[in-house]
Every structure is written in C-alpha cells, then in structure tokens.
Amino acid sequence: MANLSLKGIFKRYPGGVIAVSDFTMNIKDKEFIILVGPSGCGKSTTLRMIAGLEEITEGELFIGDRLVNDVAPKDRDIAMVFQNYALYPHMSVFENMAFGLKLRKVPKDEIRKLVDEAAKILDIQHLLDRKPKALSGGQRQRVALGRAIVRDPQVFLLDEPLSNLDAKLRAQMRTELAKLHKKLGTTFIYVTHDQIEAMTMGDRIVVMKDGYIQQIDSPINLYSNPVNKFVAGFIGSPQMNFIEAKLLKTEGKYMVEFGSEDTKTSRGRKFYVDIPPAKAECPALENYIDKELVLGVRPENIHDEEIFLSNAKTGIIEATIDVAEMMGAETYLYLTCEGIPLTVRVSSRSQARPQDVVKLAIDPNNIHLFDKDDEHSILVSSL
C-alpha cells in the first residue's frame, strides 16, 4: 500500500485552457479521499493524471517514494473504476475479472483463486458465468470493482462509479464501498459531483472549483467551518441560505442587520441577530463594522418550534411560505422574508402551509459571515 504526494500539479491544454491549477496535497496510506465539485472543476482530470491517462503539464506526482510523472499507467500499480463500468460484453464476469491477470501471465490456478476471493468479497460468486448484458447496473459495478480488486493495487481510483445507478442502489453501494475500503485497507481516491456521497464516505474531502482547490478537510469541518461562500453553498443539502446584511456594533456588542426599510412609507422591516460571545472574539469583525457582508445560515439552523422562539432574544423573523415540500421524516419550507428567499428544514409534524406567515428563530451559534467581495469566511479565517 502507499501514500501519494501531489506537488504543484497543473494541467494545461492547447489554446491556453487550464483545467487544474497548483493541485497540492499529501494522501496518507489507506485514506479514503473524495474529490468533489461541479462539472468542469478539474476533479476527473486530476484523477486521470494520477492514473497516467492524462499527462501532467507541470508539477510532481509521487506514489510512495517513486516519482511517476513519466511512468506508464500499467506500471503505476493503480486500478481505476470508471463511470460506465467498461466491461467487455463478449466475456463472462469471470473472464472480465481475470482479463488483467491473464495479460500479466498469472498462473491459471492463481487467477481462479484471486477471482473467487474478490467475488466472495463482493457477493457475486453466483454471477461468474453470466455476460454483462444479463446483469443489473449494480451488479455490473460490482464486477468492475472486482476486476480492480484482483490486481491488489496500491491505489484505487474511482471516477463517479455510482452516477449511473438509481437513488436506492446508489445509497446501498455507498455503504458497500465504505465497507470495501475498510476490508481491503487500500488507498481510495474517489471523484463525484454528489456532495452526499462525499460527506458519507470520505475521510477527507477536496472541494474544487474552476481547477483550484477551495478546501481540504474532514466532512464535519467542511460542514461546520467552510472557508468561503462557495464551499458553504456546495456542502450541505438543502443549500445554505445567503442573506445580504450589515454588521453593527452597539454598546460593545456585535449584531447583524438585514431586511428592508422604506422610511417614506414606513413599510418593510429590519431584523437583527446578535453575534454570540464565542464568535464575537474574532478580531476580523472590527474591520466590518457598519459595512455590508453576507450572512449564511443553514436551513436546519432556522427553527419554527416554540422552544426556540421563546428562548431567542434576537434572530426572530417573519416570513411567508411559498412552497412546502413533504419529505417524509422532515419538511422543507421555501419562504420569503422581506424579499429574501429562504429555505428552512422543519419537522414533518409542522402544520405550516403555503401562504402562511410564520415566525422563525435563527440560531446565532450556527451563523456564518462572508466577505461580500472575495467571499472568504470572516470567522473561519481568523480561527
């Protein structure tokens, strides 16, 4: 098994197109790393450079202690699982899984042993004589994984392997992949655009945008302490609410002001959220007094329960419900507060319905503040 080191990796295409810029990170042995981001962010290109399927324009890639920039893909001791499975349709499951071993001139008895072991791990022993066309999507994905497992590689590379599966099977395969990683004790590098996959499987997540790394962190830290507005909006479902606001300081206490107010007609209303003491210790706040910034609050941190409303000193708002989505165990409310669109996650017991005007309490302990111009997190950057 092996660790990986990527040092200042760039990928430039003819015409000046830069797909990946200065990708630098160290991946520990046996770690499960997720590369996540929107389409075109450079995550698959990065994976293909690790695999040797794309040439590295600039920078150094080490697998273990070996510089592999100019090493052929077959000699890198990696295995890649693709989105479309890439199975040979004319071969049986056994033949597909054994194909790479045959090319390496592995003895037949050893091939049988390795394929049988992998099939047992993946629970596909009963499928070994079938052709791919006789398999479901989930079974084909297991075969593709099995073909990688028999090679016993130092590193597994997985490029959106679950994107062709239905929602129920995707959820099941997420669990199976996490178990497989623990069982094999091998380094996994996994590409996805699905932040739920990233949050549920990865030891660490690399969030990418426009070819650049935005943040590398554990799932809980990405969720709780995003370094900028992009990461905050990308991680978490439904997406974080972003509200244009202003920072005030009164009698030594910070508060955020937002809403609307027309002094001529006396219409509109301003709302205020106190900055709790733990967050108010951030020295960067001093630079934003009486300035505009962006207030971020996740849907699950806006509450309609009476216990929150009765205990809240600030952060109580009124909003009109536009749409209520019943999700079973919970309900998503889409509201408008003084022209500001908000999404709130509430209990399925909630009686709120479209056109209702409801009172809500913003939890001040879980708010985020972002610079309006460069969108960095004001509070996280000062930790």
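The following refers to the structure shown. Not measured: the values here are computed from a predicted model.

Things to note about the packing of aromatic side chains
Aromatic ring pairs are defined here through the distance separating the ring centres and the angle between the ring planes. Within this structure, the stated rule accounts for seven aromatic pairs. Above the plane of the ring of phenylalanine 242 lies lysine 229, whose end atom (NZ or CZ) is 5.0 Å from the centre. Above the plane of the ring of tyrosine 223 lies arginine 298, whose end atom (NZ or CZ) is 4.2 Å from the centre.

Here's the deal with the packing of helix H2 (residues 93-103) against helix H3 (residues 108-122)
Between H2 and H3, the shortest axis-to-axis distance is 10 Å and the interhelical angle comes to 130°. By the angle class used here, H2 and H3 are oblique. For H2 against H3, the interelement crossing comes out right-handed. For the pair formed by H2 and H3, the contact residues are Phe94, Met97, Ala98, Leu101 and Lys102 on the first element and Ile111, Arg112, Leu114, Val115, Ala118 and Ala119 on the second. Residue composition of the contact of H2 with H3, by class: nine nonpolar, no polar and two charged.

Quick look at the sheet that holds strand S10 (residues 212-217)
Ordered in space as S6-S7-S8-S3-S9-S10, the six strands form an open sheet in which the pairing is mixed. If you trace the sheet from one side to the other, it starts and ends with strand S6 (78-81) and S10, each paired once. Strand-to-strand twist of the sheet, defined as the mean angle between neighbouring strand axes without regard to direction, takes the value 15°. Seen against the sheet, helix H5 (residues 167-184) touches strand S3 (32-36), strand S7 (155-159) and strand S8 (187-192) and runs at an angle of roughly 160° to S8.

Description of the pattern of salt bridges
Note that side chains of opposite charge can pair when their charged atoms are close. For the structure shown, the criterion picks out 12 salt bridges. With its nearest N and O atoms 3.6 Å apart, the salt bridge here joins lysine 11 to glutamate 54. Linking lysine 11 in strand S1 (residues 4-13) with glutamate 54 in the loop between helix H1 (43-51) and strand S4 (58-63), this pair joins segments that are 43 residues apart in sequence. Using a relative accessible area of 7% as the deciding quantity, one classes lysine 11 as buried. Residue arginine 48 is joined to glutamate 54 by a salt bridge in which the shortest nitrogen-to-oxygen separation is 3.7 Å. Relative accessible area serves as the criterion here: at 28%, arginine 48 is assigned to the partly exposed category. Using a relative accessible area of 18% as the deciding quantity, one classes glutamate 54 as buried. Sharing partners across several salt bridges, the network here consists of Lys11, Arg48 and Glu54.

The rules we used
- Going along each chain's sequence as written, the residues are numbered from 1 onward.
- Side-chain atom pairs in this predicted model are given and counted only at pLDDT of 80 or more, local residue features only at pLDDT of at least 70, and totals for whole chains, interfaces and linings cover all residues.
- The side-chain values count all of the structure's non-hydrogen atoms but skip hydrogen atoms and water molecules.
- Stacked, edge-to-face and tilted are the three classes for Phe, Tyr and Trp ring pairs, Trp counted by its six-membered ring, which pair at centre distances within 6.5 Å; planes under 30 degrees apart are stacked, over 60 edge-to-face, the rest tilted.
- Working rule: Lys NZ or Arg CZ, within 6 Å of ring centre, within 35 degrees of ring normal, means a charge sits over the ring.
- Geometry is summarised by axes, namely lines fitted to C-alpha atoms with helices restricted to the contacting stretch, and by angles between N-to-C directions that run from 0 to 180 degrees.
- The secondary structure listing takes helices from DSSP runs of H or I that are at least 4 residues long and strands from runs of E that are at least 2 residues long, numbered from the N terminus.
- Oblique is the label for any angle not covered by the other classes, which are roughly parallel (under 35 degrees), roughly antiparallel (over 145) and roughly perpendicular (65 to 115).
- Left-handed describes a crossing whose near helix is turned anticlockwise from the far helix through less than a right angle; right-handed describes the clockwise counterpart.
- The contact criterion used throughout is that any non-hydrogen atoms of two residues lie within 4.5 Å.
- Only Asp, Glu, Lys and Arg are considered charged in this grouping, and only Ala, Val, Leu, Ile, Met, Phe, Trp, Tyr, Cys and Pro are considered nonpolar; every other residue, Gly among them, is considered polar.
- Whether two strands pair depends on DSSP finding at least two bridges between them.
- Any Lys or Arg side-chain nitrogen located within 4 Å of an Asp or Glu carboxyl oxygen qualifies as a salt bridge.
- Burial classification: accessible surface area is computed with a 1.4 Å probe over protein chains only, and a residue below 20% of its type maximum counts as buried, one above 50% as exposed, and the rest as partly exposed.

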